[in-house]
Amino acid sequence: PAGDILAFMTGQEDIEATCQVLAERVSVLDGVSPILLLPMYSQLPADLQAKIFDSAAPGTRKCIISTNIAETSLTVDGIKYVVDCGYCKLKVYNPRIGMDSLLISPESQANANQRAGRAGRTGPGYCYRLFTERQYVGELLVNQIPEIQRTNLGNVVLLLKSLGVDNLLAFDFMDPPPQENIMSSMYQLWVLGALDNTGSLTPLGRKMVEFPLDPPLAKMLIFAEQLGCTVEILVIVSMLSVPGIFFRPKDREEESDAAREKFFVPESDHLTFLNVYLQWKQQKYSSSWCNDHFVHPKAMKKAREVHAQLTDIMSSQKVKLLSTGGSWDVVRKAICSSYFYNSARIKGIGEYVNMLTGIPSNLHPSSALFGLGYTPDYVTYHELIMTTKEYMSCVTAVDGEWLAEMGPMFFTVKESYKTRILQRQHEKEERAKMEEQMKQKQMEMETTQRSGLLAVLKEHSAAKKLQSNILTPGLTPKSTPRRTPLRVGL
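Please read all numbers here as calculations on a predicted model, not as lab measurements.

A. Structural view of the overall build of the protein. Scanning the protein from terminus to terminus reveals 17 helices and twelve strands. Viewed in the frame of its principal axes, the protein has a C-alpha envelope of about 130 × 75 × 40 Å. A burial count over the protein gives 38% of its 490 residues as buried. Just so you have it, the protein exposes about 29000 Å², and 54% of that area is on carbon and sulfur atoms. Of the charged side chains in the protein, 53 are positive and 53 negative; the average position of the first set lies 10 Å away from that of the second.

This is the structure in structure tokens:
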């Protein structure tokens with residue numbers, strides 16, 4: 001029977017493997033009509049993505065193998081059969097170690113129904129599920145876990161603080177996230193200097209709220225003004241705001257890797273992004289140049305739009321646009337100012353250990369630092385992603401002294417005995433100061449609560465006075481008591 005097929009798989013690797021297996025099987029079978037296999041995932045170039053909407057030649061069946069991007073974002077005409085594998089990839093954040101994991105997990109019942117709905121949009125269709133009805137009823141969740149419960153809440157906490165919400169743990173969320181996530185996000189904001197010791201917004205935090213970015217990226221932009229490299233950091237932040245800019249086609253891996261290596265800046269992936277953008281700018285923002293160098297033109301255009309928006313925000317916030325003029329060491333220092341808590345120390349070739357949590361962290365093979373003649377002693381990274389290993393994404397080499405300068409609450413430079421004693425004394429004073437601030441804050445909160453309570457009582461008593469007495473027939477409290485007068489003789 002006629003009709004195109006849509007099969008749901010979890011990720012790029014699974015999709016490419018499925019396409020390969022299907023092509024081999026179809027070539028072996030006799031009497032099968034020709035089949036057009038089309039992969040579909042977010043990292044696929046736009047021209048290849050558009051192919052799924054083209055109608056197949058007469059007598060050819062179209063078979064689309066897709067991630068859950070085709071579940072809601074896209075509607076393809078002519079789909080009559082849907083094959084649902086029952087799994088999807090979920091990004092889950094672990095607040096204890098600050099790591100995002102891409103987990104393959106069972107889909108929810110809502111996802112399964114949505115996928116089934118893709119079949120027969122323009123006519124009757126069929127959905128083949130690779131799991132039983134008992135598993136559907138007994139093992140699948142009714143709805144997927146809300147994203148707010150499995151993501152980093154730095155942005156949410158910063159926004160709520162700016163709106164005057166003091167006690168976030170008592171805030172009435174629609175889907176309350178775990179308290180550990182909120183506490184972890186508040187700690188991260190304190191480390192960045194957006195919150196003070198009592199949990200209130202600092203002037204830096206007020207400035208960071210105005211930028212629609214992750215708190216570390218917003219701090220990086222603001223701090224770059226002091227180092228005089230806002231132009232370079234603005235480009236890097238714009239490039240980090242879009243998903244992967246490089247693509248790696250199935251049959252041209254070596255060619256695409258060679259093209260990517262031309263852009264590499266040995267010390268940093270962040271500076272590699274800066275280099276790509278500057279070269280694209282020199283080529284007058286050409287799309288054909290992007291395709292020749294295996295760069296996503298769509299992602300670059302999006303980065304340019306973000307760049308323009310951030311430039312407007314910076315001018316409204318009176319942050320000056322300053323350039324280093326080619327000295328990129330200062331840019332690395334600006335990156336270190338925001339990501340010093342994501343720092344790692346070398347352990348072996350390409351192997352690092354996180355300096356705060358002790359988690360092993362590996363350089364990704366696509367990183368500019370991977371496969372160099374030397375590996376730097378200290379690095380900072382954008383985020384840690386767990387796939388087959390714990391991989392650091394967007395790595396930059398930094399000096400140990402920068403870590404001590406930017407993150408004095410975590411790192412110190414080993415010096416003489418005398419300076420260590422002074423350091424301990426300074427830490428004691430800081431701790432005492434912090435405790436004093438907390439006591440003052442608690443006293444302020446108690447006095448505001450008392451004054452609020454007194455105000456409520458005063459209003460209540462004033463309202464009572466204003467109440468008018470309603471006259472009713474019968475006895476009133478001050479009326480003369482009813483009794484028979486003695487003179488009547490009764």
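Having seen the model, we can carry on.
B. Looking closely at the packing of aromatic side chains. Inspection of the entire model under this criterion finds twelve aromatic pairs. When the ring of Tyr 81 is compared with that of Tyr 126, the centres are 5.9 Å apart and the planes differ by 15 degrees; the resulting orientation is stacked. Of this pair, Tyr 81 sits in strand E4 (residues 79-84) while Tyr 126 sits in strand E7 (residues 126-129), and the two are 45 residues apart along the sequence. Overall, Tyr 81 belongs to the buried group, its relative accessible area being 10%. Note on Tyr 126: relative accessible area 48%, which makes it partly exposed.

C. Representation of the sheet that holds strand E1 (residues 4-8). The strand order E2-E3-E1-E4-E7 describes an open sheet built from five strands, whose pairing is parallel. In this open sheet, the two edge strands, each paired with only one partner strand, are strand E2 (35-40) and E7. Between one strand axis and the next, the sheet turns through 15 degrees on average, direction left out of account. One ladder, built from six bridges, connects E2 with strand E3 (residues 61-66); its direction is parallel. By the bridge assignment for E3, Met 40 is matched with Ser 66. In the packing of helix H1 (residues 12-28) onto the sheet, contacts are made with E2 and E3, and the angle to E2 comes to roughly 175 degrees. Against the sheet, helix H4 (residues 109-116) makes contact with E1, E4 and E7, and its axis sits at roughly 140 degrees relative to E7, the strand it touches most.

D. The arrangement of empty space enclosed by the protein in detail. For the coordinates displayed, the defined rule picks out one cavity of 30 Å³ or more. For the largest cavity, the calculated volume is near 60 Å³. Taken together, Leu 6, Ala 70, Leu 74, Thr 75, Val 76, Ile 79, Arg 118 and Arg 121 make up the full set of residues lining the largest cavity. Taken together, the residues that form the lining of the largest cavity break down as five nonpolar, one polar and two charged.

E. Expanded view of unusual backbone geometry. Unusually for a residue other than glycine, Phe 294 sits at a positive phi of about 55 degrees. Residue position: Phe 294 is located in the loop between helix H13 (287-292) and helix H14 (297-316). The class for Phe 294 is buried, based on a relative accessible area of 4%. Not every positive phi belongs to a glycine, and Lys 318 is a case in point at roughly 60 degrees. Among the structural elements, Lys 318 can be located in the loop between H14 and helix H15 (329-339). Lys 318 gets classed as exposed once you look at its relative accessible area, which sits at 69%.

F. Focus on a nonpolar patch on the surface. On the surface, a cluster of nonpolar side chains totalling about 320 Å² of accessible area is made up of Leu 453, Leu 454 and Leu 457. Tracing the backbone shows Leu 454 in helix H17 (residues 417-466). On the basis of relative accessibility, which here comes to 53%, the residue Leu 454 falls in the exposed class.

G. Local environment of the pattern of salt bridges. Within this structure, the stated rule accounts for eight salt bridges. Shared partners join several salt bridges into a network, and the residues in it are Glu 71, Asp 84, Glu 107 and Arg 115.

H. Looking closely at H4. Every buried residue of H4 is listed here: Gln 109, Asn 111, Ala 112 and Arg 115. On an axial view of H4, the arc spanned by its buried residues comes to 160 degrees, and they lie on one face. If you follow the buried residues of H4, they end up packed against E1, helix H3 (69-72), E4, strand E5 (87-94), E7 and helix H5 (133-138).

I. Seen up close, the nonpolar core. Of all hydrophobic cores here, the largest spans 68 residues; its most connected members are Phe 211, Leu 221, Ile 233, Met 239, Ile 245, Met 300 and Leu 310. Ignoring sequence-local partners within four residues, the contact set of Ile 233 consists of Met 220, Leu 221, Ala 224, Val 331, Ala 334 and Ile 335.

J. Fine view of the side chain of Gln 49. Assignment of secondary structure puts Gln 49 in helix H2 (residues 46-49). By relative accessible area, which is 17% here, Gln 49 ends up buried. Looking at Gln 49, its side chain comes within polar contact range of the main-chain oxygen of Ser 42, at 3.4 Å. Contact partners of Gln 49, with chain neighbours within four places excluded, come to Met 40, Tyr 41, Ser 42 and Leu 44.

Procedures and definitions
Residues numbered from 1 in each chain as written. Predicted model: local features only at pLDDT ≥ 70, side-chain atom pairs only at ≥ 80, totals over all residues. Heavy atoms only, no water. Helix = DSSP H or I, 4+ residues; strand = E, 2+ residues; numbered from the N terminus. Buried < 20%, exposed > 50% of the residue type's maximum accessible area, 1.4 Å probe, protein only. Areas by Shrake-Rupley, 256 points an atom, 1.4 Å probe, with all protein chains shown as cover. Lys, Arg positive; Asp, Glu negative; His and termini not counted. Charge placed at Lys NZ, Arg CZ, Asp CG, Glu CD. Phe/Tyr/Trp six-rings, centres within 6.5 Å; stacked < 30°, edge-to-face > 60°. Pairing = 2+ DSSP bridges. Axes fitted to C-alpha atoms, helices over the stretch in contact; angles between N-to-C directions. Contact = heavy atoms within 4.5 Å. 1 Å grid on protein atoms, 1.4 Å probe; cavity = no way out; pocket = protein on both sides within 12 Å on 5 of 7 lines; lining within 4 Å. Points joined across faces, edges and corners; volume = space filled by probe spheres on them. Nonpolar A, V, L, I, M, F, W, Y, C, P; charged D, E, K, R; others polar. Patch = residues over 30% accessible without salt bridge, like charges linked within 9 Å, V, L, I, M, F, W, Y side chains within 5 Å. Salt bridge = Lys/Arg side-chain N within 4 Å of Asp/Glu carboxyl O. Arc of directions from axis to C-beta. Core = buried A, V, L, I, M, F, W, Y, C linked by side-chain atoms within 4.5 Å. Polar contact = N/O pair within 3.5 Å; in protein donor to acceptor, adjacent residues only side chain to side chain.

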